[in-house]
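An overview of the molecular structure
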Amino acid sequence: MATDEEIIELYLERDERAIKETSEKYGSRLHSLSRKIVGDERTAEECVNDTWLKTWESIPPSEPRDYLYAFVARITRMLSLDCYRKENTKKRRANIVAIEGELDECVAGPDTTQQGIDEMVLKESLNRFLESLSAEKRDVFIRRYWYADELKVIAKRHGCGEGRIKSMLMRIRMKLKSYLQTEGIEI
């Protein structure tokens, strides 16, 4: 299997093997991520296929040599969320609504962001906040709010009960809210 560096070189050379290599290396993980968001195998497959086109269009100018998986996962996640929103404008799935709702009191919504918060400042603040967390707390937070993992899946991953994960997430959200306020980001 090709390394991320080799795959990026294929993209830069405009060699179509880049897509095949990326798919072999990360395709199943991206499909799983998309399926958690859209809730449907076929739609998830479409989102992953769209990821390959978007990745092809994005490299170059981007060269995510050290973070290829994060790069393609972000594309898949955004495409999946867009697809989910289009297909479920009237009947939103409960788990996505719940996950979005958990962060509402910590991070402002899109209207507020467009009115005054520079997206880059928020991103940098979130990254600094995540770096300040222990590895376990960071993993729990990312698994819940990036990968949309269910609480029971996270609990099993960390060898504890769902109650502990719920409590940990609540404390992390409170800490995030406080952190963002000290950073001068309006909530």
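Scoring rules and cut-offs
Residues numbered from 1 in each chain as written. Predicted model: local features only at pLDDT ≥ 70, side-chain atom pairs only at ≥ 80, totals over all residues. Heavy atoms only, no water. Helix = DSSP H or I, 4+ residues; strand = E, 2+ residues; numbered from the N terminus. Buried < 20%, exposed > 50% of the residue type's maximum accessible area, 1.4 Å probe, protein only. Contact = heavy atoms within 4.5 Å. Areas by Shrake-Rupley, 256 points an atom, 1.4 Å probe, with all protein chains shown as cover. pLDDT = per-residue confidence, 0-100. Phe/Tyr/Trp six-rings, centres within 6.5 Å; stacked < 30°, edge-to-face > 60°. Lys NZ or Arg CZ within 6 Å of the ring centre and 35° of its normal. Core = buried A, V, L, I, M, F, W, Y, C linked by side-chain atoms within 4.5 Å.

On to the overall build of the protein. Regarding its fold elements, the protein presents ten helices and zero strands. The secondary structure elements of the protein, listed N-terminal to C-terminal, are α-α-α-α-α-α-α-α-α-α. A total of 187 residues make up the protein; the buried ones form 41% of that total. Counting only contacts in the protein whose residues sit at least 6 apart along the sequence, the fraction spanning at least 24 positions is 64%. Total accessible area on the protein is roughly 11100 Å²; 49% of this is exposed by carbon and sulfur atoms.

With that out of the way, let us pick up the confidence of the model for the protein. Put simply, the protein has an average pLDDT of 84, and 81% of its residues get 70 or more. pLDDT under 50 marks residues 108-118. Its contacts with residues more than four places away, or in other chains, come to seven contacts.

Moving on, we get to the packing of aromatic side chains. The relation between two aromatic rings is expressed through the spacing of the ring centres and the mutual angle of the planes. By the definition in use, this model includes six aromatic pairs. When the ring of Phe129 is compared with that of Phe141, the centres are 6.4 Å apart and the planes differ by 70°; the resulting orientation is edge-to-face. Placement of Phe129 in helix H7 (residues 119-132) and of Phe141 in helix H8 (residues 135-145) is noted, with a sequence separation of twelve residues between them. Taken individually, Phe129 and Phe141 each receive the classification buried, so the pair is uniform in this respect. Among the aromatic residues, ring-to-ring pairing joins Phe129, Phe141, Tyr145 and Tyr179 into one connected group. Taking the ring centre of Trp56 as reference, the NZ or CZ of Arg14 above it sits at 4.0 Å. Taking the ring centre of Trp146 as reference, the NZ or CZ of Arg77 above it sits at 4.5 Å.

It is characteristic of soluble globular proteins that their nonpolar side chains tend to be buried jointly. Of all hydrophobic cores here, the largest spans 27 residues; its most connected members are Leu30, Val38, Leu68, Tyr69 and Val72. Secondary-structure elements contributing two or more residues to this core are helix H1 (4-12), helix H2 (17-38), helix H3 (41-58) and helix H4 (68-87). The element that contributes the greatest number of residues to this core is H4, accounting for nine residues. Once residues within four sequence positions are removed from consideration, Leu68 is found in contact with Asp4, Ile7, Ile8, Tyr26 and Ile59.

Now for the environment of Ile165. Examined against the element boundaries, Ile165 turns out to sit in helix H10 (residues 162-182). Residue classification places Ile165 among the buried residues on the basis of a relative accessible area of 0%. When the C-alpha atoms of Ile165 and Arg144 are compared, they prove to be 9.8 Å apart, with 21 residues separating the residues in sequence. Once residues within four sequence positions are removed from consideration, Ile165 is found in contact with Val140, Leu151, Ile154, Ala155 and Cys160.

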